[in-house]
Amino acid sequence: MGAGGQELVVMVGLQGSGKSTFVAEHLAGSHVVVSKDHWPNARHREARQQRVVAALLAEGASVVVDNTSPSPAERAPLLALAAAAGVPVRAVFLDVPVETCRARNGARGGRARVPLVGLYSAAGRLVPPTTEEGFTEVTVVCS
Ligand SMILES: Nc1ncnc2c1ncn2[C@@H]1O[C@H](COP(=O)(O)OP(=O)(O)O)[C@@H](O)[C@H]1O
Ligand SMILES: [Mg+2]
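Residues numbered from 1 in each chain as written. Chains lettered and ligands numbered in written order. Predicted model: local features only at pLDDT ≥ 70, side-chain atom pairs only at ≥ 80, totals over all residues. Heavy atoms only, no water.

J.: How would you explain the sheet that holds strand 5 (residues 137-141) if you had to name every residue and give the values?
T.: Spatially, 2-3-1-4-5 is the arrangement adopted by the 5 strands of the open sheet, whose pairing is parallel. The sheet is open, and its two borders are formed by strand 2 (32-34) and strand 5, each paired with just one other strand. Each adjacent strand pair in this sheet contributes to an overall mean axis angle of 20°, direction not counted. The pairing of strand 2 with strand 3 (residues 63-65) spans 3 bridges and is parallel. (Pairing = 2+ DSSP bridges. Helix = DSSP H or I, 4+ residues; strand = E, 2+ residues; numbered from the N terminus. Axes fitted to C-alpha atoms, helices over the stretch in contact; angles between N-to-C directions.)

Written as structure tokens, this is what we have:
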């Protein structure tokens, strides 16, 4: 991101890879955090999220979308919103092995622990984000 410049950040990573921890430590002070997890029971969460992101970008806010977003198809609507708003879009990829994610997930309690089928489903769809896909920049975090 240029100094003080507006951006859209798309987090990419499996459940338990550390996305929300990274967002809290590095982005929450400067970006509006949007996640479908904020509306766990709502219908049409994807459409709602896209409307919220579009409105925030139009207001001039920097935004970070904190979902797993494992596949290009799942990221494409966000790339389109950024392009429409003329805002650079950066991917932050938490490159963490699925077994590490599984161990971290198992150590979590309550609603934070996700079903393993969801984790392995996302692992099967995972394609690392690239600039060829349309991202202005890709930040890879290995931890
Ligand atoms: N870099 C890290 N190393 C070890 N454990 C981590 C790291 N980042 C996050 N965790 C732990 O892993 C779990 C999942 O982190 P979280 O940020 O909620 O992941 P996500 O949002 O990708 O599901 C949490 O218990 C968190 O404390
Ligand atoms: Mg999270």
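Picking up where we left off.
J.: Requested: an account of the site of ligand 1, with residues and values cited.
T.: Lining the immediate environment of ligand 1, one finds Leu14, Gln15, Gly16, Ser17, Gly18, Lys19, Ser20, Thr21, Arg104, Arg108 and Ser143. Between an oxygen atom of ligand 1 and a main-chain N or O atom of Ser17, the distance comes to 3.3 Å. Between ligand 1 and Gly18 there is a distance of 3.0 Å, counted from an oxygen atom to a backbone nitrogen or oxygen. Element by element, the count of residues in the shell around ligand 1 is highest for helix 1 (residues 19-26), at 3 residues. Its residues assigned to classes, the shell around ligand 1 shows 1 nonpolar, 7 polar and 3 charged. (Near = heavy atom within 4 Å. Polar contact = N/O pair within 3.5 Å; in protein donor to acceptor, adjacent residues only side chain to side chain. Nonpolar A, V, L, I, M, F, W, Y, C, P; charged D, E, K, R; others polar.)

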